[in-house]
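# Summary of structural features
Here is how the chains run, residue by residue.
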Amino acid sequence: MKKSILALALAASGTLAVTAISAQEQPQVPGAPDVSRVQAGDYTLDASHTLVSWQIGHFGFNDYFGLFGQIEGTMALDPANIGATEFDITVPITSVSVPSEGLRGHLLRPGKDGAAPDFFGPEPEAARFVSTSVRRTSETTAVATGQLTMNGKTGSVTMLVEFSGAGENPMSKAQTVGFHARAQIDRTAWGISYAAPLVDPMVDLEISAAFERD
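Below is a summary of the structure that appears in this document.

## Digging into the overall build of the chain
Within the chain one finds two helices and 10 strands. For the chain, the sequential pattern of α-helices and β-strands runs α-β-β-β-β-β-α-β-β-β-β-β. Of all intrachain contacts in the chain linking residues separated by at least 6 positions in sequence, the fraction that spans at least 24 positions is 55%. Only carbon and sulfur atoms are counted for the fraction: they give 57% of the accessible area of the chain, which is about 12,900 Å².

So this is what it looks like as structure tokens:
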């Protein structure tokens, strides 16, 4: 009986020791959705960790997805005055990524016999979004409106923005703040009308952005 009790005690102590070591070695996630961590200042977009994804209905059968990367931009942010937030984002169209090389070629190929391209063409200007207003809707959400210039045309776009985390980036040591945002645009308003409405003119956008304080 005493041996059984001793064995149980040793097993329990060993488990506690492993748990304690694991707890000590477990790294702490540097970012947290805590608005008190957000510092006022000027920020630069972390291009390596920012993406814009797009989703579009295909012939009514399913949805197709793609990504834009290599995004650049700046933001002026004061957590005490969210309405004064300003940002200027540039998205290189040539960074478009899709699983099909054939589709990517179609998105960037010139028009036939000198005609306009079906989509962007081989040397498209980068898209640019410049905010015109930001309205706080809760402690961690806001509605941002701005002007999107793309394919030679400019129009208004509204995004739903959610604060996702802030803290010190352990690699760059920069104070970093992150957001997720959603928007929907009618691509035909920017002159991209190919195959509409068979290919849905409405495009859903998802943005995941990280900004580092200058």
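## What to know about the layout of surface pockets
Within this model, the second largest pocket holds a volume of roughly 270 Å³. Residue lining of the second largest pocket: 19 residues in total, with G31, G165, T176, G178 and A210 positioned closest to the centre. Listed by contribution, the elements that provide at least two residues to the lining of the second largest pocket are β8 (153-168), β9 (175-186) and β10 (199-213). Grouping the constituent residues of the lining of the second largest pocket by class yields seven nonpolar, 10 polar and two charged.

## Here's the deal with the nonpolar core
By size, the foremost hydrophobic cluster in this structure holds 46 residues, and its most contacted members are W54, M150, M159, V177 and F211. With six residues, the top contributor of residues to this core is β10. Beyond its immediate chain neighbours, meaning those up to four positions away, F211 contacts Y43, T44, L45, D46, T74, M75, I89, Q175, T176, V177 and F179.

## Observations regarding unusual backbone geometry
Following A196, the chain continues into P197 via a peptide bond in cis, with omega recorded as 5°. Locating P197 in the fold gives a position in the loop between β9 and β10. A positive phi is found at D113, a non-glycine position, where the angle reads about 50°. Within the secondary structure, D113 sits in the loop between α2 (101-108) and β6 (127-136). You can call D113 exposed: its relative accessible area is 83%.

## Some thoughts on the side chain of S95
Tracing the chain through its elements places S95 in the loop between β5 (86-91) and α2. Relative accessible area serves as the criterion here: at 12%, S95 is assigned to the buried category. There is a polar contact of 2.9 Å between the side chain of S95 and the backbone oxygen of G69. Among all residues touching S95, those that are not within four sequence positions of it are L67, F68, G69 and Q70.

## Brief notes about the packing of aromatic side chains
With the rule as written, the count across this model stands at six aromatic pairs. Their ring planes at 75° and their centres at 6.4 Å tell us that F59 and F61 sit as a pair that is edge-to-face. Of the residues examined, F59 reaches a relative accessible area of 45% and is grouped as partly exposed. Their ring planes at 70° and their centres at 6.3 Å tell us that F179 and F211 sit as a pair that is edge-to-face. With a gap of 32 residues between them, F179 in strand β9 and F211 in strand β10 connect regions that are remote in the sequence. The exposure classification of F179 matches that of F211, with both residues buried. One aromatic cluster in this structure is built from F163, F179 and F211.

## As for α2
Along an α-helix, residues three or four apart share an orientation, since each turn contains 3.6 residues. Looking only at α2, the buried set comprises H106, L107 and L108. In the core, the buried residues of α2 are packed alongside β2 (51-58). The N-cap of α2, judged by a side-chain oxygen 3.3 Å from the amide nitrogen of G102 a few residues on, is S100.

## Quick notes on the pattern of salt bridges
What the rule picks out here adds up to two salt bridges. The residue D88 makes a salt bridge to R128 at a minimum N-O spacing of 2.5 Å. In this pair, D88 sits in strand β5 while R128 sits in strand β6, placing the two residues 40 residues apart along the sequence. For D88, a relative accessible area of 21% gives the class partly exposed. Overall, the relative accessible area of 41% leaves R128 in the partly exposed class. The closest approach of N and O atoms between D118 and R109, which form a salt bridge, is 3.7 Å.

Rules used throughout
- Residues numbered from 1 in each chain as written.
- Predicted model: local features only at pLDDT ≥ 70, side-chain atom pairs only at ≥ 80, totals over all residues.
- Heavy atoms only, no water.
- Helix = DSSP H or I, 4+ residues; strand = E, 2+ residues; numbered from the N terminus.
- Contact = heavy atoms within 4.5 Å.
- Areas by Shrake-Rupley, 256 points an atom, 1.4 Å probe, with all protein chains shown as cover.
- 1 Å grid on protein atoms, 1.4 Å probe; cavity = no way out; pocket = protein on both sides within 12 Å on 5 of 7 lines; lining within 4 Å.
- Points joined across faces, edges and corners; volume = space filled by probe spheres on them.
- Nonpolar A, V, L, I, M, F, W, Y, C, P; charged D, E, K, R; others polar.
- Core = buried A, V, L, I, M, F, W, Y, C linked by side-chain atoms within 4.5 Å.
- Buried < 20%, exposed > 50% of the residue type's maximum accessible area, 1.4 Å probe, protein only.
- Polar contact = N/O pair within 3.5 Å; in protein donor to acceptor, adjacent residues only side chain to side chain.
- Phe/Tyr/Trp six-rings, centres within 6.5 Å; stacked < 30°, edge-to-face > 60°.
- Salt bridge = Lys/Arg side-chain N within 4 Å of Asp/Glu carboxyl O.

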